[in-house]
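Geometric and topological summary
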Amino acid sequence: MTWAAVILTGGTGSRLGGADKAVLRRGGRSFLEHARAAVSGAAEVVEVGPEVHGGPLAAAASGTAALTSAHDLVVLLAV
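Below you will find a few notes about this structure. Going along each chain's sequence as written, the residues are numbered from 1 onward. Reporting of local features is limited, given that this is a predicted model, to residues whose pLDDT is at least 70; pairs of side-chain atoms are given and counted only at 80 or more, and all residues count toward the totals for whole chains, interfaces and linings. Neither water nor hydrogens contribute to the side-chain values; these are computed over all heavy atoms in the structure.

**Comments concerning the overall build of the protein chain**
Note the threshold: The numbering of helices and of strands both runs from the N terminus, where a helix is a DSSP run of H or I of at least 4 residues and a strand a run of E of at least 2. In this description the radius of gyration comes from C-alpha coordinates, and the expected globular size is given by 2.2 Å times residues to the power 0.38. A simple rule labels every residue: compare its accessible area, found with a 1.4 Å probe on the protein chains alone, to the largest value its type can have, and call it buried under 20%, exposed over 50%, or partly exposed in between. Two residues qualify as a contact provided that any one of their heavy atoms is within 4.5 Å of a heavy atom in the partner residue. Areas reported here follow the Shrake-Rupley algorithm with a probe of radius 1.4 Å; residue values treat only the protein chains shown as occluding. For the charge count, each Lys or Arg is scored as positive and each Asp or Glu as negative, with His and the chain ends excluded. Charge placement uses NZ in Lys and CZ in Arg. For Asp and Glu, CG and CD serve respectively.
Helix and strand content of the protein chain: two helices and seven strands. Computed over C-alpha atoms, the radius of gyration of the protein chain comes to 13 Å, within 12% of the 12 Å expected from 2.2 N^0.38 for 79 residues, which places it in the range of a compact globule. Counting every position in the protein chain, which comprises 79 residues, the buried fraction comes to 29%. The contacts of the protein chain with a sequence gap of at least 6 include a subset with a gap of at least 24, amounting to 67%. When the accessible area of the protein chain is evaluated, it comes to approximately 4,900 Å², of which 56% is carbon and sulfur surface. Of the charged side chains in the protein chain, 6 are positive and 6 negative, and the gap between their average positions amounts to 13 Å.

**Concerning the sheet that holds strand β6 (residues 44-48)**
Convention followed: Between any two strands, at least two bridges found by DSSP are needed for them to pair. Angular values range over 0 to 180 degrees, each being the angle between N-to-C directions of two axes fitted as lines to C-alpha atoms, with helices fitted over their stretch in contact.
One open sheet holds the three strands; their spatial order is β6-β1-β7, and the pairing between them is parallel. Unpaired on one side and paired on the other, β6 and β7 (73-78) mark the two borders of the sheet. The mean inter-strand angle of the sheet, taken between neighbouring strand axes irrespective of direction, is 15 degrees. Pairing analysis gives five bridges linking strand β1 (residues 3-8) to β6, with the strands arranged parallel. Residue A4 lies in a different strand from β6, and its bridge partner there is E44. Its contacts with the sheet place helix α1 (residues 31-38) against β1, β6 and β7, and it is angled at close to 170 degrees to β1.

**So, the environment of D72**
Selection rule: Between N or O atoms, a polar contact is any pair within 3.5 Å; within protein, one atom must be a potential hydrogen donor and the other a potential acceptor, and residues adjacent in sequence are included only when both atoms are from side chains.
With respect to the helices and strands, the residue D72 is situated in the loop between α2 (56-66) and β7. Considered as a pair, D72 and A4 are 68 residues apart in the sequence and their alpha carbons are 8.3 Å apart. Setting aside residues no more than four positions away along its own chain, D72 makes contact with M1 and T2. Among the polar contacts made by the side chain of D72, one reaches the main-chain amide nitrogen of T2 at a distance of 2.8 Å.

**Here we look at the pattern of salt bridges**
Let me state the cut-off plainly: Within this document, salt bridges are pairs made up of a side-chain nitrogen of Lys or Arg and a carboxyl oxygen of Asp or Glu, the two lying within 4 Å of each other.
Within the structure shown, the criterion is met by two salt bridges. For R25, the salt bridge goes to E33, with nearest N and O atoms at 3.9 Å.

**Looking at the nonpolar core**
Put simply, the rule is: Buried Ala, Val, Leu, Ile, Met, Phe, Trp, Tyr and Cys residues form a nonpolar core when they are joined through side-chain atoms within 4.5 Å.
Core analysis: the biggest nonpolar cluster contains eight residues, these being A5, I7, A22, L32, A35, V39, A42 and V79. If you list the elements that add at least two residues to this core, you get β1 and α1. If we skip the residues at most four places from it in the chain, L32 touches I7, T9, A22, E47 and V79. Ranked by size, the runner-up nonpolar core spans seven residues in total, among them A4, L8, V46 and V48.

Take it as geometry only, folks, not as evidence of what the structure does.
Printed below as a string of structure tokens:
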């Protein structure tokens, strides 16, 4: 069984004063670094940023479409 991950890195935390959540740090690592570590065993990882996407659904669809191989499972993480 193979699995892939799509990490959504776009968006700001409105309850965090508009901060970019991907670069916030906890435990010495950014939230994005924590997400990458969580999916380190994936056969393929795609990161989707906010530059060209109109929200999380569009970003998830774009990230899934960007996978280069078929996988038995795809997990979606939002930073």
